[in-house]
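In case you want the letters, here they are:
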2 protein chains.
Amino acid sequence: MTKKPKIVIIGAGFGGIAIAKALKNKQVDVLIVDKHNYHNFQPLMYQVATGGLEPGSIAYPVRRIFRRFKNIQFRMAEVLEVDPKTNKLKTSAGTVDYDYLVVATGSQNNYFNFEPVKEQLLTLKSIPDALNLRSFIFQNLERAMLTKEIEKLTEILNVAIVGGGPAGIELAGALAEMKRYVIPRDFPNLDVSRMHVNLYEAAPRLLAAMSENASEKSEAYLKKLGINVFLNAKVSGYDGKKITLEDGSDFITDTVIWTAGVKGAPVKGLPQESLVRGNRLKVNAFNQIEGFENIFAIGDVASCITDDNPRGLPMLAPVAQQQGRLLSKNILRLISGKPLEAFRYKDKGTMATVGRKKAVVDLPKFKFQGSFAWFVWMFVHIFSLIGFRNKLLAFMDWFSNYISYDRPLGLIIRPYKRSKSKN
Amino acid sequence: MTKKPKIVIIGAGFGGIAIAKALKNKQVDVLIVDKHNYHNFQPLMYQVATGGLEPGSIAYPVRRIFRRFKNIQFRMAEVLEVDPKTNKLKTSAGTVDYDYLVVATGSQNNYFNFEPVKEQLLTLKSIPDALNLRSFIFQNLERAMLTKEIEKLTEILNVAIVGGGPAGIELAGALAEMKRYVIPRDFPNLDVSRMHVNLYEAAPRLLAAMSENASEKSEAYLKKLGINVFLNAKVSGYDGKKITLEDGSDFITDTVIWTAGVKGAPVKGLPQESLVRGNRLKVNAFNQIEGFENIFAIGDVASCITDDNPRGLPMLAPVAQQQGRLLSKNILRLISGKPLEAFRYKDKGTMATVGRKKAVVDLPKFKFQGSFAWFVWMFVHIFSLIGFRNKLLAFMDWFSNYISYDRPLGLIIRPYKRSKSKN
């Protein structure tokens, strides 16, 4: 019996899971390495943060996804470094040999000029982040009930969201709905009119990656919900109490949520030349990293620069998934000495929701907004979750939210203290 | 308008919630103080620890329980000290005046001779404890996959449970079921025969508070599931790797789960004489703490010693609930100058489950065990959960577990490192 080729995939995000699924029962051994033991559905992280969904509804253990497939193994470990010369990957749980390596490590927050104060910011990049944000929001509401001093109350109740992409507008919408429907019920003595949610976007429009229609409509929805939307608004500093803008204005708040951008999260050990704009790994049309036949990158961390896409493809789940699926075929072709197929992104559209019956959908040939867009958004997101239980839970919690205008989850399980290590 | 009498309740456990519910819409102002913003259903904590239920299924925000009742307020704060002379309660969120004070603070772990090594133990007393235990179990399984050395593997896979009360036997049963049904599916290369679960009980029988039938049957169930049950087994020490017993035997394990006993969790500021056996507050038949007309204790923290109950009533949810309900009436009687009614505990029975179709139920006049007992256990526990969502989720997760022999939740959201502070 000859040894089967070994494919090591770093990262159990959309890209990593897609390629591993496509390699089920093939004549290869697959090892997925991730620091978490679960895949999480990043687009719904803001729902976990605002008490709309449980972490267990948007995450699924990697081992369970591949439970029935003997050729797919999983290892929970931090990746330390790749050694392309010896085809070895060093991890916190020992060194692994590979024949083919797929870097599907995704992206990390890009704090830009806020890097020095990042410990003062809240974010949405992982489930612990989202749970910290959830705790922080509810802790602040509890604190607000006990605060008489107006200036302190302003600081506690105000929220600044930096970044008008999908995460920022979805979070702003959810907070606006909480302010309107949930907080008055649970905190009846609180003067919610003192709570202001400011959304800052550096570009001239929200959802810059979507259509003008989507930008305009999402802005209108947010304003209708009472969110203060600031465009061309460049944040310049934060001291833990007050966020300042380049135009000299400021806003008092102890809650600054950072959704202003991401950058690639590449692994160590690859040549410096591979790193391009956005901290991404430069790949060719077959997702190979330049100079290597057997090392690939897919998804957010990969950047395939073409004339059509001079800045690389957008950092979206469908890109990662499509690249993963094609790469599974290309690696099998490489193994059997067949020619590779170049990747072409099929844009199936993008969407974002602002809240109840308010969403924007851009399909390649058709753009629409409003109630129907919102139902489409919900349908697509429920069906994209992994596992029947997760789909059912999300459906139930959203259906109940739809009926009751309420959010099911307000537990402060682990109180969050800022500037302490986030574990 | 005369000021309404103010009743302050410390603790949102079974007792605190019961009295507050009974005071809804009465001519009193009620304030509940708890360090958590939720009530949790302690008897199902082991389910959270073993991935059977979500924390959100056994916990419910206090504010939501009383949302529609204007005379009931909540404050999330740590209680620091009571000053009975001035009728003031000091909390981490300011000082509160009371006319009547109800101490419903429940119990805390009693580590006995293991007090010096308590940081090395895992426990089940709060939701963070249960989540830490869950993370630890799944982290250990991940570690086991990477461990070749037999002695290390033994340490990682073995589990010791100290205490053969309901929490101990329920946890042992759940672990045995995980070992049999879940681990082989998710960790197919792991030799689970190396995993040994030892249950140590210092008394001559399990479930010492229940009938002999229940003790015998639960022991038989556990043995059938492969648990090593040790009776008259007094643990004497633990060094983080090996637990030793008074008889000189020992057991290598890094997982020692402490369910060996609890003691009262009284508040500071009450006279030293009030504290009796088990760190509980001595109360009279009206749940008044001796020497005070307006300070009461109910539930686990209260001890009403009578000829029938020379050691006080058992630390059970129904005792706390019945005391809370009667005390609500007695405080209203005090206010209107009527004579008080003495508390009498109505024992409606106790039950415990070892696992699938294995439970023991002691009713006052009838004791039974087995499948029917298990259905009764499930029915009673589902209906005791607060809120429709929690009932439905518990039902769904248990029903799915019943069909699939699987447990839904295996996410390591916050990895747990021992000897660090538990937040």
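This report concerns the structure included in the present document. From a predicted model like this one, the values you see are computed outputs, not experimental measurements. (Residues numbered from 1 in each chain as written. Chains lettered and ligands numbered in written order. Predicted model: local features only at pLDDT ≥ 70, side-chain atom pairs only at ≥ 80, totals over all residues. Heavy atoms only, no water.)

**Examining empty space enclosed by the protein**
Think of a ball as big as a water molecule: rolled over the atoms, this probe shows where empty space is left. Here the structure, examined in full by the defined rule, presents twelve cavities of 30 Å³ or more. When its volume is computed, the largest cavity comes out at roughly 340 Å³. In this structure, the largest cavity is lined by 20 residues; those nearest its centre are Pro55 and Leu131 of chain A together with Pro55, Leu131 and Ile413 of chain B. Going through the elements one at a time, helix H3 (55-58) and helix H5 (127-145) of chain A together with helix H3 (55-58) and helix H5 (127-145) of chain B are the ones with two or more residues in the lining of the largest cavity. A class-by-class count of the residues in the lining of the largest cavity yields ten nonpolar, four polar and six charged. (1 Å grid on protein atoms, 1.4 Å probe; cavity = no way out; pocket = protein on both sides within 12 Å on 5 of 7 lines; lining within 4 Å. Points joined across faces, edges and corners; volume = space filled by probe spheres on them. Helix = DSSP H or I, 4+ residues; strand = E, 2+ residues; numbered from the N terminus. Nonpolar A, V, L, I, M, F, W, Y, C, P; charged D, E, K, R; others polar.)

**Brief notes about helix H6 (residues 150-157) of chain B**
The set of residues buried in H6 of chain B consists of Leu153, Glu155, Ile156 and Leu157 of chain B. Buried residues in H6 of chain B make contact with H5, strand S11 (159-162) and strand S16 (250-252) of chain B. (Buried < 20%, exposed > 50% of the residue type's maximum accessible area, 1.4 Å probe, protein only. Contact = heavy atoms within 4.5 Å.)

**What about the interface of chain B and chain A?**
At the interface, 44 residues of chain B touch 45 residues of chain A. With both chains or domains summed, chain B and chain A bury close to 4300 Å², and 50% of this area falls on carbon and sulfur atoms. On the surface where chain B and chain A come into contact, there are twelve salt bridges. Between Arg389 of chain B and Asp397 of chain A there is a salt bridge, and its shortest N-O distance comes to 2.7 Å. Across the contact surface, chain B and chain A share 24 residue pairs in polar contact (both at pLDDT 80 or more). Listed by contribution, the elements that provide at least two residues to the side of chain B that touches chain A are H3, strand S4 (59-61), helix H4 (62-65), strand S5 (72-76), H5, helix H7 (166-186) and helix H11 (388-404) of chain B. The element best represented in the side of chain B that touches chain A is H5 of chain B, accounting for seven residues. (Buried area = accessible area lost by both parts, 1.4 Å probe. Salt bridge = Lys/Arg side-chain N within 4 Å of Asp/Glu carboxyl O. Polar contact = N/O pair within 3.5 Å; in protein donor to acceptor, adjacent residues only side chain to side chain.)

**A word on the packing of helix H7 (residues 166-186) of chain A against helix H8 (residues 212-224) of chain A**
All names here are of chain A. Two elements in contact, H7 and H8, have axes separated by 10 Å at closest approach and are oriented at 25 degrees. Relative to H8, H7 is oriented roughly parallel. Crossing geometry of H7 relative to H8 is assigned as left-handed. Along the contact surface, H7 presents Ile169, Ala172, Gly173 and Arg180, while H8 presents Ser218, Leu222 and Lys224. Of the residues that constitute the contact of H7 with H8, the class distribution is three nonpolar, two polar and two charged. (Axes fitted to C-alpha atoms, helices over the stretch in contact; angles between N-to-C directions. Parallel < 35°, antiparallel > 145°, perpendicular 65-115°, else oblique. Left-handed = near helix turned anticlockwise from the far one by under 90°.)

**Topic: the environment of Met396 of chain A**
The residue Met396 of chain A is located in helix H11 (residues 388-404) in this model. It is 31 Å that separates the C-alpha atoms of Met396 of chain A and Lys24 of chain A, two residues lying 372 residues apart in sequence. If sequence neighbours within four positions are ignored, Met396 of chain A has contacts with Leu392, Leu393 and Met396 of chain B.

**Re the environment of Thr147 of chain A**
Residues and elements named next belong to chain A. Along the chain, the position of Thr147 falls in the loop between H5 and helix H6 (150-157). Measuring from C-alpha to C-alpha, the distance between Thr147 and Leu190 comes to 9.9 Å, with 43 residues separating the pair along the chain. Excluding residues that lie within four positions of it along the chain, Thr147 makes contacts with Lys152, Leu153 and Ile156. Separated by 2.8 Å, the side chain of Thr147 and the backbone oxygen of Arg143 make a polar contact.

Limitation: the analysis is restricted to geometry and does not speak to function.
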